[in-house]
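One-letter residues, chain by chain:
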Amino acid sequence: ELKVEQNPLFLSMQEGKNYTIYCNYSTTSDRLYWYRQDPGKSLESLFVLLSNGAVKQEGRLMASLDTKARLSTLHITAAVHDLSATYFCAVDIRNDMRFGAGTRLTVKP
Amino acid sequence: DVKVTQSSRYLVKRTGEKVFLECVQDMDHENMFWYRQDPGLGLRLIYFSYDVKMKEKGDIPEGYSVSREKKERFSLILESASTNQTSMYLCASRTDYSNQPQHFGDGTRLSIL
């Protein structure tokens, strides 16, 4: 059974600091997705990672995928308040999409 | 832009009622999904459908059924609602091209009293 584990589940950061969110999964897959969810809103796609070693960057967020380690990371650089949200990773096994529990990020001034 | 529309934003029903949650997408996507979202548990897949009249069970199908009579519409049915089905329900759709993400609706917050 595919399991997807994210950590940490809660993250409180100061503005300007760096941090990494981790996503481990239990079954071989080369397709991993990161989503963002703002309070009361639906999920918005951030990154699609399709192969080992894939790296994508958008603004202060950078995502990477290591399929051999079954690990993806979402790195936050110089955090700003606007990044406060819940971040989910999701792993795709033949259209069966499984999500991690989410990381609730709070960025404080 | 892909639009996934869920019929209700908030819904309150009573224990034992049969409840229908509707989802419509406008991008001719082959695949549609129903999740429930609970604090600390993330999104859990209830059912998905990869074609009209086709369905696959997800992690937690017990107490639910689905219907996909038309490509654009995917319905989630709670056969006899129970209080432990109080949750946020999210519908998503996705094209068959596997490098594309899912597109989500705004969610239905369902309360079973």
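The structure under discussion appears in the preceding block.
Scope of this entry: the structure provided in the associated data block. The structure displayed is predicted, hence computed values, not measured ones. All residue numbers refer to position in the chain's written sequence, counted from 1. Think of it this way: whatever chain is written first is A, whatever ligand is written first is 1, and the rest follow in order. Two thresholds apply to this predicted model, a pLDDT of at least 70 for residue-level local features and 80 or more for giving and counting side-chain atom pairs, whereas whole-chain, interface and lining totals are computed over all residues. Here the side-chain values reflect all heavy atoms present in the structure, with hydrogen atoms and water set aside.

Details of the overall build of chain B
Moving on, step 1. Helix and strand definitions follow DSSP, with helices as H or I runs of at least four residues and strands as E runs of at least two, each counted in order from the N terminus. Across its full length, chain B carries zero helices and eleven strands.
Moving on, step 2. Going from the N terminus to the C terminus, chain B shows its helices and strands as β-β-β-β-β-β-β-β-β-β-β.
Moving on, step 3. Our radius of gyration is a C-alpha quantity, and the globule rule it is checked against amounts to 2.2 Å times the number of residues to the power 0.38. For 113 residues, the compact-globule estimate of 2.2 N^0.38 gives 13 Å, and chain B sits close to it at 13 Å.
Moving on, step 4. Projected onto its principal axes, the C-alpha positions of chain B cover 40 × 30 × 25 Å.
Moving on, step 5. Exposure is judged per residue with a 1.4 Å probe applied to protein chains only, and the accessible area is read against the type maximum: over 50% gives exposed, under 20% gives buried, and values in between give partly exposed. A buried classification covers 48% of the 113 residues belonging to chain B.
Moving on, step 6. Long-range pairs, those at least 24 residues apart, make up 55% of the contacts in chain B with a sequence separation of at least 6.
Moving on, step 7. Using the Shrake-Rupley algorithm and a 1.4 Å probe, accessible areas are obtained, with residue cover drawn only from the displayed protein chains. Taken as a whole, chain B presents about 5,600 Å² of accessible surface, with 48% of it coming from carbon and sulfur. In this analysis, two residues are considered to be in contact whenever any of their non-hydrogen atoms come within 4.5 Å of each other.

Regarding the sheet that holds strand S3 (residues 19–25) of chain B
Residue and element names in this part refer to chain B.
Moving on, step 1. DSSP bridges decide pairing: two strands pair if at least two such bridges lie between them. Pairing in this open sheet of four strands is antiparallel, and the strands run S1-S3-S8-S7 from one edge to the other. Of all strands in the sheet, those with a lone pairing partner are strand S1 (4–6) and strand S7 (64–70), marking the two edges. The average angle at which neighbouring strand axes cross in this sheet is 20°, direction not considered.
Moving on, step 2. Pairing analysis gives six bridges linking S3 to strand S8 (residues 73–78), with the strands arranged antiparallel. Within S8, the residue paired with Leu-21 across the bridge is Leu-76. Here an angle of 0 to 180 degrees is reported between the N-to-C directions of two axes, which are lines fitted to C-alpha atoms, with helices fitted over the stretch in contact.

Comments concerning the pattern of salt bridges
All names here are of chain A.
Moving on, step 1. Salt bridges are counted wherever a side-chain nitrogen of Lys or Arg sits within 4 Å of a carboxyl oxygen of Asp or Glu. According to the stated counting rule, one finds ten salt bridges over all chains in the structure shown.
Moving on, step 2. The salt bridge partner of Asp-92 is Arg-31, with a shortest N-O separation of 3.1 Å. Of this pair, Asp-92 sits in strand S9 (residues 85–93) while Arg-31 sits in the loop between strand S3 (19–25) and strand S4 (32–37), placing them 61 residues apart in sequence. There is no split in this pair, since Asp-92 and Arg-31 are both buried.

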